[in-house]
Amino acid sequence: MTTAPSGVPHPPPPSSHPLRTIRDIRESLPEDQRRHFDAELADTEIEALPEMLHRWVALSNDGFEEFLLSRPFEGLEFGARSYDEQTDTE
(Lines give C-alpha, C1' and ligand atoms only; values in the text may rest on other atoms or scores of the structure.)
Protein backbone atom coordinates (compact mmCIF):
# COMPACT_ATOMS: atom_id res chain seq x y z
CA MET A 1 0.00 0.00 0.00
CA THR A 2 1.15 3.51 -0.73
CA THR A 3 0.25 6.66 1.09
CA ALA A 4 -1.03 9.78 -0.63
CA PRO A 5 0.12 13.21 0.55
CA SER A 6 -3.06 13.44 2.63
CA GLY A 7 -1.95 10.37 4.57
CA VAL A 8 -4.77 8.14 3.26
CA PRO A 9 -3.43 4.72 2.24
CA HIS A 10 -4.15 3.56 -1.29
CA PRO A 11 -3.99 -0.01 -2.57
CA PRO A 12 -1.24 -0.70 -5.09
CA PRO A 13 -2.34 0.06 -8.65
CA PRO A 14 -3.53 -2.97 -10.60
CA SER A 15 -1.32 -4.29 -13.37
CA SER A 16 -1.78 -2.15 -16.45
CA HIS A 17 -1.81 -5.20 -18.69
CA PRO A 18 -2.81 -8.85 -18.46
CA LEU A 19 0.34 -10.11 -20.19
CA ARG A 20 2.48 -11.94 -17.66
CA THR A 21 4.78 -14.18 -19.72
CA ILE A 22 6.77 -13.98 -22.93
CA ARG A 23 4.29 -16.47 -24.42
CA ASP A 24 1.40 -14.12 -23.50
CA ILE A 25 3.14 -11.23 -25.23
CA ARG A 26 3.90 -13.31 -28.31
CA GLU A 27 0.36 -14.69 -28.60
CA SER A 28 -1.14 -11.21 -28.31
CA LEU A 29 0.72 -10.04 -31.42
CA PRO A 30 -0.49 -10.38 -34.99
CA GLU A 31 1.27 -13.16 -36.91
CA ASP A 32 3.42 -10.78 -38.97
CA GLN A 33 4.71 -9.05 -35.83
CA ARG A 34 5.53 -12.32 -34.07
CA ARG A 35 8.45 -12.84 -36.45
CA HIS A 36 9.83 -9.40 -35.54
CA PHE A 37 9.32 -10.10 -31.84
CA ASP A 38 11.09 -13.47 -32.10
CA ALA A 39 14.01 -11.96 -34.02
CA GLU A 40 14.43 -9.11 -31.53
CA LEU A 41 14.08 -11.47 -28.57
CA ALA A 42 16.82 -13.71 -29.97
CA ASP A 43 19.22 -10.77 -30.43
CA THR A 44 18.48 -8.88 -27.19
CA GLU A 45 21.10 -8.98 -24.46
CA ILE A 46 19.97 -10.18 -21.04
CA GLU A 47 20.44 -6.72 -19.47
CA ALA A 48 18.20 -5.10 -22.10
CA LEU A 49 15.49 -7.77 -21.92
CA PRO A 50 13.15 -6.00 -19.44
CA GLU A 51 13.08 -2.82 -21.55
CA MET A 52 12.49 -4.78 -24.76
CA LEU A 53 9.65 -6.80 -23.22
CA HIS A 54 8.05 -3.69 -21.73
CA ARG A 55 8.08 -2.02 -25.16
CA TRP A 56 6.42 -5.03 -26.81
CA VAL A 57 3.81 -5.24 -24.04
CA ALA A 58 2.96 -1.59 -24.65
CA LEU A 59 2.74 -2.19 -28.40
CA SER A 60 0.57 -5.27 -28.09
CA ASN A 61 -1.74 -3.75 -25.51
CA ASP A 62 -2.17 -0.16 -26.68
CA GLY A 63 -5.62 -0.71 -28.23
CA PHE A 64 -4.70 1.08 -31.44
CA GLU A 65 -5.56 -1.84 -33.71
CA GLU A 66 -8.94 -2.29 -32.01
CA PHE A 67 -9.59 1.43 -32.43
CA LEU A 68 -8.80 1.28 -36.14
CA LEU A 69 -10.97 -1.77 -36.66
CA SER A 70 -13.91 -0.51 -34.61
CA ARG A 71 -15.14 2.50 -36.58
CA PRO A 72 -12.18 3.91 -38.46
CA PHE A 73 -14.02 6.30 -40.78
CA GLU A 74 -16.94 7.36 -38.64
CA GLY A 75 -17.71 11.04 -39.16
CA LEU A 76 -15.45 11.41 -42.18
CA GLU A 77 -16.74 12.34 -45.60
CA PHE A 78 -14.75 11.10 -48.55
CA GLY A 79 -14.62 12.62 -52.01
CA ALA A 80 -15.18 16.19 -50.89
CA ARG A 81 -12.46 18.75 -51.42
CA SER A 82 -12.29 22.19 -49.92
CA TYR A 83 -12.56 23.89 -53.31
CA ASP A 84 -15.65 21.85 -54.28
CA GLU A 85 -17.82 24.13 -52.18
CA GLN A 86 -16.80 27.23 -54.09
CA THR A 87 -19.38 28.46 -56.55
CA ASP A 88 -18.59 28.01 -60.21
CA THR A 89 -17.88 31.34 -61.93
CA GLU A 90 -18.21 29.93 -65.44
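Residues numbered from 1 in each chain as written. Predicted model: local features only at pLDDT ≥ 70, side-chain atom pairs only at ≥ 80, totals over all residues. Heavy atoms only, no water.

1. Focus: the nonpolar core
As a rule of thumb, nonpolar side chains are buried together in soluble globular proteins. Rule in force here: We define the nonpolar core as a collection of buried residues of types Ala, Val, Leu, Ile, Met, Phe, Trp, Tyr and Cys that are connected through side-chain atoms lying within 4.5 Å of one another. In this scheme, a residue with accessible area under 20% of its type's maximum is buried, one over 50% is exposed, and one in between is partly exposed, where area comes from a 1.4 Å probe on protein chains only. Runs of E in the DSSP output that reach at least two residues are strands. Runs of H or I that reach at least four are helices, and both are numbered from the N terminus. In this analysis, two residues are considered to be in contact whenever any of their non-hydrogen atoms come within 4.5 Å of each other.
Grouped together as the largest cluster of nonpolar side chains are eight residues: Leu-19, Ile-25, Leu-29, Phe-37, Met-52, Leu-53, Trp-56 and Val-57. If you tally residues by element for this core, the top one is helix α3 (residues 49-60), at four residues. Apart from residues lying up to four places away in sequence, Leu-53 is in contact with Ile-22, Ile-25, Phe-37 and Leu-41.

2. Overview of the packing of helix α2 (residues 31-43) against α3
Formally: Lines fitted to the C-alpha atoms define the axes, with helices restricted to the stretch that makes contact. Angles between their N-to-C directions range from 0 to 180 degrees. Orientation labels follow simple angle bins: below 35 degrees gives roughly parallel, above 145 gives roughly antiparallel, 65 to 115 gives roughly perpendicular, and whatever is left gives oblique. Three classes are used: nonpolar for Ala, Val, Leu, Ile, Met, Phe, Trp, Tyr, Cys and Pro, charged for Asp, Glu, Lys and Arg, and polar for all others, with Gly counted as polar.
As a packed pair, α2 and α3 sit with axes 11 Å apart at the nearest point and diverge in direction by 170 degrees. In terms of axis orientation, α2 runs roughly antiparallel to α3. Between α2 and α3, the contacting residues are Gln-33, His-36, Phe-37, Glu-40 and Leu-41 on the first element and Leu-49, Met-52, Leu-53, Arg-55 and Trp-56 on the second. A per-class count over the contact of α2 with α3 returns six nonpolar, two polar and two charged.

3. Topic: the packing of aromatic side chains
Condition: Planes of paired rings set the category: under 30 degrees apart is stacked, over 60 is edge-to-face and the rest tilted, where pairs are Phe, Tyr or Trp rings (Trp by its six-membered ring) whose centres lie within 6.5 Å.
For the structure shown, the criterion picks out one aromatic pair. Ring plane angle 80 degrees and centroid distance 5.3 Å describe the contact between Phe-37 and Trp-56, whose orientation is recorded as edge-to-face. On the criterion of sequence distance, the pair formed by Phe-37 in helix α2 and Trp-56 in helix α3 is long-range, its members being 19 residues apart. Of the two residues, Phe-37 and Trp-56, both sit in the buried class.

4. With respect to the environment of Glu-40
To be explicit about the condition: Under the rule applied, a polar contact is a pair of N or O atoms within 3.5 Å (in protein, one hydrogen donor and one hydrogen acceptor; residues adjacent in sequence only if both atoms are side-chain atoms).
Its location among the elements puts Glu-40 in helix α2. A C-alpha to C-alpha distance of 8.3 Å links Glu-40 and Met-52, two positions 12 residues apart in sequence. For Glu-40, the contacting residues outside a window of four places in its chain are Met-52, Arg-55 and Trp-56. In terms of polar contacts, Glu-40 uses its side chain to reach the side chain of Arg-55, at 2.3 Å.

5. Remarks on the confidence of the model for the protein chain
For the record, the criterion: Confidence per residue, as judged by the predictor, is encoded in pLDDT with a range of 0 to 100.
For the protein chain, per-residue confidence averages 74 on the pLDDT scale, and 60% of positions sit at 70 or higher. At the low end of the mean pLDDT range in the protein chain sits strand β1 (residues 2-3), at 49; at the high end sits α2, at 91.

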